[in-house]
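# Descriptive structure summary
What follows is each chain in one-letter form.
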Amino acid sequence: MIAPVKSIFFAATHRSGSTFLMKHIANTDRLGQPGEYFYPQNFVPLLRNNGLDLNSDVDSWLPLVIEKGKSSNGIFSSKIFGDN
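Residues numbered from 1 in each chain as written. Predicted model: local features only at pLDDT ≥ 70, side-chain atom pairs only at ≥ 80, totals over all residues. Heavy atoms only, no water.

## Side note on the pattern of salt bridges
Enumeration over the complete set of coordinates arrives at two salt bridges. We note a salt bridge from Lys-79 to Glu-36, for which the minimum N-O separation is 2.8 Å. In this pair, Lys-79 is assigned in strand S2 (residues 76-81) and Glu-36 in the loop between helix H1 (18-28) and helix H2 (40-49), connecting sequence segments 43 residues apart. With a relative accessible area of 2%, Lys-79 lands in the buried category. Glu-67 is the salt-bridge partner of Lys-70, the closest N and O atoms lying 3.7 Å from each other. Given the relative accessible area of 52%, Glu-67 is considered exposed. (Salt bridge = Lys/Arg side-chain N within 4 Å of Asp/Glu carboxyl O. Helix = DSSP H or I, 4+ residues; strand = E, 2+ residues; numbered from the N terminus. Buried < 20%, exposed > 50% of the residue type's maximum accessible area, 1.4 Å probe, protein only.)

## Description of the nonpolar core
Counting residues in each nonpolar core, the largest one holds nine residues, listed as Tyr-37, Phe-43, Leu-46, Leu-47, Leu-52, Trp-61, Val-65, Ile-66 and Phe-76. Elements supplying a minimum of two residues to this core: H2 and helix H3 (58-68). Contacts of Ile-66, omitting those with residues within four sequence positions, involve Ile-2, Val-5 and Phe-76. (Core = buried A, V, L, I, M, F, W, Y, C linked by side-chain atoms within 4.5 Å. Contact = heavy atoms within 4.5 Å.)

## Comments concerning the environment of Ser-77
Along the chain, the position of Ser-77 falls in strand S2. Accessibility expressed as a relative area gives 0% for Ser-77, which makes it buried. Those residues in contact with Ser-77 that sit more than four places away from it in its chain are Ile-8, Phe-10, Leu-31, Gly-32, Gln-33, Pro-34, Gly-35, Tyr-37 and Gly-69. Looking at Ser-77, its side chain comes within polar contact range of the main-chain oxygen of Leu-31, at 2.7 Å. (Polar contact = N/O pair within 3.5 Å; in protein donor to acceptor, adjacent residues only side chain to side chain.)

Encoded structure:
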């Protein structure tokens, strides 16, 4: 089981300026490092680069995603689209 982590999900639509906002949020290092971690173009390479595949269970890959999206104060954040 994965320990609870304070998390923020930024819901966005494509071409809305969300990347600009996420870069500024990441620079504060207070509200996580919001990226597009659940977008297939980013998610699949993250798994493969860590020796996992798409059939891996969530307990195998979620800690990687959380660690990548955390700020120094332990908050995880991610941008997420409706088609994720």
